[in-house]
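# Overview (structure and organization)
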Amino acid sequence: MSQPPVEPAPEDRPWPTPGPPGPGPQNPYGSAPPPYGGTYGQPPPHGGGERPPPYGAAQGGLPQYGGHPHPEGGLASRWARLGAAIIDLIILAAVDFLISLPFVSWHRLTHLRQGEFVSPEQYKLNLIALIIGFLYFWLLTYRRHGQTVGKRLLGIRVVRADDGGPISNSQALMRALVYAVAGNVCSCFGVLDVLWILWDRRKQALHDKAARTVVVKVRPGAPDPYATTTY
């Protein structure tokens, strides 16, 4: 009577040669499952893996919020705007002084006659300052990528409030009229115009609101909205 074949012990059995993986998704024992229920080796579906950017993410270099620039991210700080304004005022004061030399009698300016509260020379000086300030803020903001000298040094620029694009000539003109002209004619309004950024949600001064503009940071490597602007 024949004996049944003797099976070798498990530890004496030869290990099978591994072959190529079979078709279908591979999920080795002990490996982590794919994120958000996706398939191994396949990009995650919408909503899995890399999540889509949240509402309000930057578009076109300017953060958006309900179709408008975000009230916080991307906007220039109040200190940067103040520093740029101080630099611009120092430049304007030096230019005003040099241009006023042939037209203003400085002795007459500081020596009032009897019954005078303001010297007529002061009106000349104010008119020169008004014209120079208006041209400075209008032309540089429009033709120099939304930047005066102070804004360029502090790394900020003026853009449209609705989409972050380059401002038009009419917007630059309106900003200069409100900021330079109205500020020179009525000093109280000029102070209120500048102080408005302290409590405004989008850090806009009154001349920004009149021209529908905002001031934003110039981010390194970000696209320049004025790159394709022709004058």
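Refer to the preceding data block for the structure.
These lines cover the structure that appears in this document, whether it is placed above or below. (Residues numbered from 1 in each chain as written. Predicted model: local features only at pLDDT ≥ 70, side-chain atom pairs only at ≥ 80, totals over all residues. Heavy atoms only, no water.)

### Comments concerning the overall build of the protein
- Helices and strands together make up the secondary structure of the protein, namely seven helices and five strands.
- Order of helices (α) and strands (β) in the protein, N terminus to C terminus: β-β-β-α-α-α-α-β-α-α-α-β.
- For the protein, the proportion of its 231 residues judged to be buried stands at 32%.
- The long-range fraction of contacts in the protein, counting pairs at least 24 apart against all pairs at least 6 apart in sequence, stands at 63%.
- On the protein, roughly 15400 Å² of surface is accessible, and the fraction owed to carbon and sulfur atoms is 64%. (Helix = DSSP H or I, 4+ residues; strand = E, 2+ residues; numbered from the N terminus. Buried < 20%, exposed > 50% of the residue type's maximum accessible area, 1.4 Å probe, protein only. Contact = heavy atoms within 4.5 Å. Areas by Shrake-Rupley, 256 points an atom, 1.4 Å probe, with all protein chains shown as cover.)

### Description of the packing of aromatic side chains
- Counted according to the given criterion, the structure contains four aromatic pairs.
- Ring geometry for W196 and W199: centres 5.4 Å apart, planes at 65°, overall edge-to-face.
- W196 sits in the partly exposed class, given a relative accessible area of 25%.
- Feature note: the residues Y136, F137 and Y179 constitute an aromatic cluster, connected by ring pairs. (Phe/Tyr/Trp six-rings, centres within 6.5 Å; stacked < 30°, edge-to-face > 60°.)

### With respect to the pattern of salt bridges
- Per the stated rule, a full pass over the model turns up six salt bridges.
- As a salt-bridge pair, R160 and D163 come within 2.9 Å of each other at their nearest N and O atoms.
- The exposure class assigned to R160 is partly exposed, which follows from its relative accessible area of 24%.
- A salt bridge links D208 to R175, with the shortest nitrogen-to-oxygen separation between them at 2.8 Å. Of the two residues, D208 sits in helix α7 (residues 206–211) while R175 sits in helix α5 (residues 169–185), which places them 33 residues apart along the sequence. A single burial state applies to D208 and to R175, both of which are buried.
- The structure contains a network of salt bridges with shared partners spanning R81, R175 and D208. (Salt bridge = Lys/Arg side-chain N within 4 Å of Asp/Glu carboxyl O.)

### Side note on the layout of surface pockets
- Of the voids in this model, the largest pocket is the one considered here, and its volume is about 400 Å³.
- In this structure, the largest pocket is lined by 19 residues; those nearest its centre are L89, Y179, A180, G183 and N184.
- If you tally residues by element for the lining of the largest pocket, the top one is helix α1 (residues 78–100), at seven residues.
- Space inside the second largest pocket adds up to approximately 310 Å³.
- The wall of the second largest pocket is formed by 20 residues, among which R81, L82, A85, V194 and I197 lie closest to the centre.
- Looking at the lining of the second largest pocket, the elements that each hand over two or more residues are α1, α5 and α6 (187–195). (1 Å grid on protein atoms, 1.4 Å probe; cavity = no way out; pocket = protein on both sides within 12 Å on 5 of 7 lines; lining within 4 Å. Points joined across faces, edges and corners; volume = space filled by probe spheres on them.)

### Quick notes on the pairing of strand β5 (residues 213–217)
- Judged by how many residues are buried, β5 sits mostly within the fold: four of five residues are covered.
- Bridging between strand β4 (residues 156–160) and β5 involves five bridges; their strand directions are antiparallel. Bridge pairing in β5 links R157 to V216. (Pairing = 2+ DSSP bridges.)

### Examining the side chain of H207
- Mapped onto the fold, H207 is located in helix α7.
- According to the relative accessible area criterion, H207 is buried, its value standing at 4%.
- Each residue touching H207, except ones within four places of it in the same chain, is listed here: R81, R175, V178, Y179 and D193.

### Here's the deal with the packing of α1 against helix α3 (residues 120–143)
- Running from N to C, α1 and α3 point in directions that differ by 130°, and their axes come no closer than 10 Å. Relative to α3, α1 is oriented oblique. In the crossing of α1 with α3, the sense of the turn from one axis to the other is right-handed. Seen from α1, the contacting residues are D88, I91, L92, V95, D96, I99 and S100; seen from α3, they are L125, I128, A129, I132, G133, Y136 and F137.
- For the contact of α1 with α3, a count of residues per class yields ten nonpolar, two polar and two charged. (Axes fitted to C-alpha atoms, helices over the stretch in contact; angles between N-to-C directions. Parallel < 35°, antiparallel > 145°, perpendicular 65-115°, else oblique. Left-handed = near helix turned anticlockwise from the far one by under 90°. Nonpolar A, V, L, I, M, F, W, Y, C, P; charged D, E, K, R; others polar.)

### Structural notes on the environment of Y123
- Among the secondary structure elements, Y123 is positioned in helix α3.
- Separated by 14 residues in the primary sequence, Y123 and L109 place their C-alpha atoms 9.7 Å from one another.

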